[in-house]
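Observations on the model geometry
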Amino acid sequence: MKSLFKKQETSFTYHKYFHFAQAKWAQKMDVLLNGLSRRKLICLLVLFTIFTTAYFVYNIYAAFSKSNNLTVQNTTVIAKIKINNSKK
């Protein structure tokens, strides 16, 4: 159990493409959010959190709800597979 608490001797290094993508993302976000005040940023964060939470709650509700199940009412519409064994 003591081996779990030992300090790591080698540090983990990310791939250069990860650092490149991270730098590009940071630059793009800096350009998009450069002129906004702290209050507007917090409002955007709260709105984003509310919308994503509502979306996930809706998906969970739809998955467990009995009324949203897709049922086939007319079974004659279902296509039947025809096997063609034409060996000559």
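The sections below set out a description of the structure shown in this document. (Residues numbered from 1 in each chain as written. Predicted model: local features only at pLDDT ≥ 70, side-chain atom pairs only at ≥ 80, totals over all residues. Heavy atoms only, no water.)

On a plain count of helices and strands, the protein chain comes out with two helices and zero strands. The 88 residues of the protein chain split such that 1% are buried. Carbon together with sulfur atoms contributes 63% to the accessible area of the protein chain, which is approximately 9,900 Å² in total. (Helix = DSSP H or I, 4+ residues; strand = E, 2+ residues; numbered from the N terminus. Buried < 20%, exposed > 50% of the residue type's maximum accessible area, 1.4 Å probe, protein only. Areas by Shrake-Rupley, 256 points an atom, 1.4 Å probe, with all protein chains shown as cover.)

Judged by side-chain polarity, Leu32, Leu33, Leu36, Leu41, Ile42, Leu44, Val46, Leu47, Ile50 and Phe51 come together as a nonpolar surface patch covering roughly 880 Å² of accessible area. Counting only elements with at least two residues in the nonpolar patch, the list comes to helix H1 (16-33) and helix H2 (38-64). For the nonpolar patch, the leading source of residues is H2, giving seven residues. Inspection of the secondary structure puts Ile42 in helix H2. (Patch = residues over 30% accessible without salt bridge, like charges linked within 9 Å, V, L, I, M, F, W, Y side chains within 5 Å. Salt bridge = Lys/Arg side-chain N within 4 Å of Asp/Glu carboxyl O.)

As a further point, take H2. The end-to-end C-alpha separation of H2 is 39 Å, in line with the 39 Å expected for 27 residues at 1.5 Å each. Among the 27 residues in H2, zero count as buried, and that is only a small part of the element. (Expected span 1.5 Å × (residues − 1).)

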